[in-house]
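So the chains spell out like this:
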Amino acid sequence: MNSAHSPRGDHAPAAVTRVSDTEWQAVADGLVVGRGDASRRPDGRLFVSVDAWQETVFDRLADAMRADLPDPLHTVADEADTEAVSAWRRAGFTAARREWVHLVPTDPQVTGLARTRPPEGVVILPAGRAEEGPLRELERVVRAEVEAGAGWPAMPAQVLPRPAGALVADPSKYAVARQGGRYVGLIRVSPPGRPRIGLLAVRAELHRCGIARALLAHALEELHHGGTATAWAEAAESNGAALALLEGVHARRTGSILELVRH
């Protein structure tokens, strides 16, 4: 329930039509008053969204999509948007997990990261300096470790799995940690103007060595030197290590995102 297409939807019941495999439209008085979309992520989860101003239009779209699509269905909503959360609950969705949203300062004097350095033998390569081959190998390893461990459902909603062999989205956004001849950690910051720490990961056998903290220190310092005062980051409520890292740099919790599921 994000934006209004036309107030005239109040005057006539909306008719919902599936216009493609992944899109539905609600039309009233000849005008589109709502849209629904579905997308299947590479890990198999099917996510749906509805853009409609009126409750009745939302409900019609949600009903039509539920009838056309197999369960389970997933969606995400800002927990502070009580109307949206209530609408999804009316459609039979229940909360499955929560992500805390943080605003992270970039000034090293504020974060306490001014003197943070990588562990001995580890070098941080700035964004754009990584070689494509080793970067792809590191991302493959990290994603395999996620799948073997907590699994993608435990990762922030914005961090998506990709098919095996797929190229990283944009290597210019990744800074990496190198130890000897291999890459052992990475951090992605995107997009410009409203930077978000989209992924921070280290090979499992090197957890708790200070590499993640060094990567975060590097990325935040780069943003600070570029004139950016804050960045966004999300962490799952169940991810104690990520939450501790963010709290340790004085990140401020500003809200939460719910993933809701209909089984």
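Okay, so let's go over this structure.

What counts, and at which threshold
Residues numbered from 1 in each chain as written. Predicted model: local features only at pLDDT ≥ 70, side-chain atom pairs only at ≥ 80, totals over all residues. Heavy atoms only, no water. Salt bridge = Lys/Arg side-chain N within 4 Å of Asp/Glu carboxyl O. Helix = DSSP H or I, 4+ residues; strand = E, 2+ residues; numbered from the N terminus. Buried < 20%, exposed > 50% of the residue type's maximum accessible area, 1.4 Å probe, protein only. Phe/Tyr/Trp six-rings, centres within 6.5 Å; stacked < 30°, edge-to-face > 60°. Lys NZ or Arg CZ within 6 Å of the ring centre and 35° of its normal. Lys, Arg positive; Asp, Glu negative; His and termini not counted. Polar contact = N/O pair within 3.5 Å; in protein donor to acceptor, adjacent residues only side chain to side chain. Contact = heavy atoms within 4.5 Å. Expected span 1.5 Å × (residues − 1).

1. A closer look at the pattern of salt bridges
- This structure, assessed with the given rule, holds 14 salt bridges.
- The closest approach of N and O atoms between Arg-262 and Asp-71, which form a salt bridge, is 3.7 Å. Taken together, the positions of Arg-262 in strand E12 (residues 252-262) and Asp-71 in the loop between helix H1 (55-68) and strand E5 (73-78) put the pair 191 residues apart, joining distant regions of the chain.
- Judged by its relative accessible area of 22%, Arg-262 falls in the partly exposed class.
- The exposure class of Asp-71 is partly exposed, given its relative accessible area of 38%.

2. With respect to the packing of aromatic side chains
- Inspection of every chain in the model, using the stated rule, returns two aromatic pairs.
- Considering the side-chain rings of Phe-58 and Trp-88, the 5.0 Å spacing of their centres and the 80° angle between planes classify their relative orientation as edge-to-face. Taken together, the residues span a long stretch of sequence, with Phe-58 in helix H1 and Trp-88 in helix H2 (residues 82-90) at a distance of 30 residues.
- Accessibility expressed as a relative area gives 0% for Phe-58, which makes it buried.
- Seen from their ring centres, Trp-88 and Phe-93 are 5.0 Å apart, and the 70° between their planes marks the pair as edge-to-face.
- Members of the aromatic cluster, joined through ring pairs, are Phe-58, Trp-88 and Phe-93.
- One Lys or Arg, Arg-41, reaches over the ring of Phe-47 and ends 3.7 Å from the middle of that ring.
- Just above the ring of Trp-100 sits the side chain of Arg-253; from NZ or CZ to the centre is 4.2 Å.

3. Considerations on the side chain of Arg-203
- Among the secondary structure elements, Arg-203 is positioned in the loop between strand E10 (196-202) and helix H5 (211-225).
- We note that Arg-203 is buried and unpaired, the nearest opposite charge coming from Glu-205 at a distance of 4.7 Å.
- Polar side-chain contacts of Arg-203 include one of 2.8 Å to the backbone oxygen of Tyr-183.
- If near-sequence neighbours (up to four positions away) are discounted, Arg-203 is found in contact with Glu-137, Leu-138, Val-141, Glu-145, Arg-182, Tyr-183 and Val-184.

4. Description of H5
- Between the first and last C-alpha of H5 there are 21 Å, a value that for 15 residues agrees with the 21 Å anticipated at 1.5 Å per step.
- Of all the residues in H5, the buried ones are Ile-211, Ala-214, Leu-215, Leu-216, Ala-217, His-218, Ala-219, Leu-220 and Leu-223.
- Gly-227 sits one or two positions beyond H5 and adopts a positive phi of about 95°.

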